[in-house]
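Residue-level structural notes
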Amino acid sequence: MRDFVYQAQPVRVVFGRGALVHLERELDLLAVRRILVLSTPGQRAQAEQVAQRLGGRTAGVYAGAVMHVPVEAVHEARDEARRLHADCVIAIGGGSTTGLGKAIALESGLPIVAIPTTYAGSEMTPIYGITQNGLKQTGKDSRVLPKTVIYDPDLTLALPVSLSVTSAMNAIAHAAEGLYARDGNPIMDMMAEEGIRALASAIPAIRKEAADLEARSDALYGAWLCGAVLGNVGMALHHKLCHVLGGSFNLPHAEVHTVILPHAIGFNAQAAPRAIARIERALDIAGRASAATALFDLAYDNGAPVALKDIGTMTRADLARATDLVVSAPYWNPREIGPAQHADIHRLLLNAFEGVRPD
Ligand code: NAD
């Protein structure tokens, strides 16, 4: 029986090749006049191009976004926004840059226009994270949800193939867990399934030809759908594991999602058969492989890492502490993951550490 609450996030989405030409129109709609453009140091050139496009509306460029949104960068960017009397921030980049925009918006209420260039999906969520003294605090606040998101596949052409693959797997993870969310709804299920389908077909095409615009467009379309799922429904075991591994062991974000996903999906398979059936349908593997195996193969066959031991400095001995952190404060999950499941979670992490292909 269907039983759900549905509420759409109020984000305006402009999607398409060359969609950046609509930027001025979008800023008119928001009635903003002094814009601070944010990016990482590596994407400064893209930020400068956006700033040029704004003409007289550019207040400045702050190209100091870094991973994990350190509070120092937040204060510096916030002060810059104040000094320049900015009334809007544009965040062009991946989740780190969007995250900086969110941290500024949290304090100042400034509207964000997000121009995503990875598939992480942060632009579609009201979730923020700020790191202080080595601890990342996360929260949810509608003020940090971008007002407008411009998805232009041209801007993703420079995303290296390896990061394109892992970032796409990161997006798939949002949709996969959204399909068994306790607060799921039929619209999110449709978006999740379609998102997985689009990304799973785009990954091998981008691997084959990084400049394949059709595939880049499919991947960004999938990222939008999966990001919307992340922003609307609760996440479970997979995201808990990644939060612990990223936060406490400093493993890289997209890679850790890529490695963990097949194992988390395998762990939950029996407890969430309808979700798994939809994932299998989206991956077009009915009867040939399990969702977990197919996700592992999707990563492995496209050159992505499949073992935790290959993506950072975590050791086998660290797995016990990681397990403690997961089971002592678990997220809701379709299969129980409390202290009584310590051995099962430890085994899952051991398999992920060694890169075992789930059966
Ligand atoms: P990222 O933003 O850290 O980007 C990785 C690197 O790729 C950066 O150096 C960036 O400048 C570069 N890059 C991005 N797009 C590029 C392009 N098109 N061409 C060339 N270089 C490009 O990585 P990410 O995976 O997008 O984001 C990860 C961060 O986002 C994590 O901190 C994660 O916690 C956060 N996140 C938050 C949410 C949320 O809802 N709050 C959702 C997903 C991710």
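This text follows the structure it describes.
Scope of this entry: the structure provided in the associated data block. These numbers come from a predicted model, not from an experiment.

1. Here we look at the sheet that holds strand β8 (residues 148-151)
Pairing in this open sheet of 6 strands is parallel, and the strands run β1-β8-β5-β4-β2-β3 from one edge to the other. Where the open sheet ends on each side, the last strands, each with one partner, are β1 (12-15) and β3 (58-62). Within this sheet the neighbouring strands show an average axis-to-axis angle of 15°, counted without direction. Relative to β8, β1 is paired through 4 bridges, and the arrangement is parallel. Opposite phenylalanine 15, over in β8, you have tyrosine 151 as the bridge partner. Packing against the sheet, helix α4 (residues 95-108) makes contact with β2 (35-38), β3, β4 (88-93) and β5 (112-116), and its axis sits at approximately 165° to β4. Lying over the sheet, helix α7 (residues 213-232) contacts β1, β5 and β8, oriented at roughly 170° with respect to β1.

2. Regarding the site of the ligand
Taken together, 21 residues lie around the ligand, and Thr40, Ser96, Thr117, Thr118 and Thr125 are the ones closest in. Between the ligand and the protein, one listed contact pairs an oxygen atom with a side-chain N or O atom of lysine 136 at 3.2 Å. Between the ligand and leucine 159 there is a distance of 3.3 Å, counted from a nitrogen atom to a backbone nitrogen or oxygen. Notes on the ligand: free accessible area 860 Å², of which the protein chains cover 82%. A total of 3 residues in the shell around the ligand trace back to one element, the largest contributor, which is α4. Split into classes, the residues belonging to the shell around the ligand amount to 8 nonpolar, 11 polar and 2 charged.

3. Here we look at the side chain of glutamate 193
Inspection of the secondary structure assignment puts glutamate 193 in helix α6 (residues 186-208). At 2.6 Å, the side chain of glutamate 193 forms a polar contact with the side chain of arginine 278. Once residues lying within four places of it in the same chain are set aside, the contact partners of glutamate 193 are Arg278, Arg281 and Ala282.

4. Thoughts on the environment of valine 14
Considering the arrangement of structural elements, one finds valine 14 in strand β1. Placed 102 residues apart in sequence, valine 14 and proline 116 show a C-alpha to C-alpha distance of 12 Å. Discounting chain neighbours no more than four positions away, the residues touching valine 14 are Ala19, His22, Arg25, Glu26, Val149, Ile150 and Tyr151.

5. Describing the pairing of β3
Along a regular strand, successive side chains alternate from one face of the sheet to the other. With 4 bridges connecting them, β2 and β3 associate as parallel partners. Paired with leucine 38 across the two strands is tyrosine 62, which belongs to β3.

Quick notes on the rules
Residues numbered from 1 in each chain as written. Predicted model: local features only at pLDDT ≥ 70, side-chain atom pairs only at ≥ 80, totals over all residues. Heavy atoms only, no water. Pairing = 2+ DSSP bridges. Helix = DSSP H or I, 4+ residues; strand = E, 2+ residues; numbered from the N terminus. Axes fitted to C-alpha atoms, helices over the stretch in contact; angles between N-to-C directions. Contact = heavy atoms within 4.5 Å. Near = heavy atom within 4 Å. Polar contact = N/O pair within 3.5 Å; in protein donor to acceptor, adjacent residues only side chain to side chain. Areas by Shrake-Rupley, 256 points an atom, 1.4 Å probe, with all protein chains shown as cover. Nonpolar A, V, L, I, M, F, W, Y, C, P; charged D, E, K, R; others polar.

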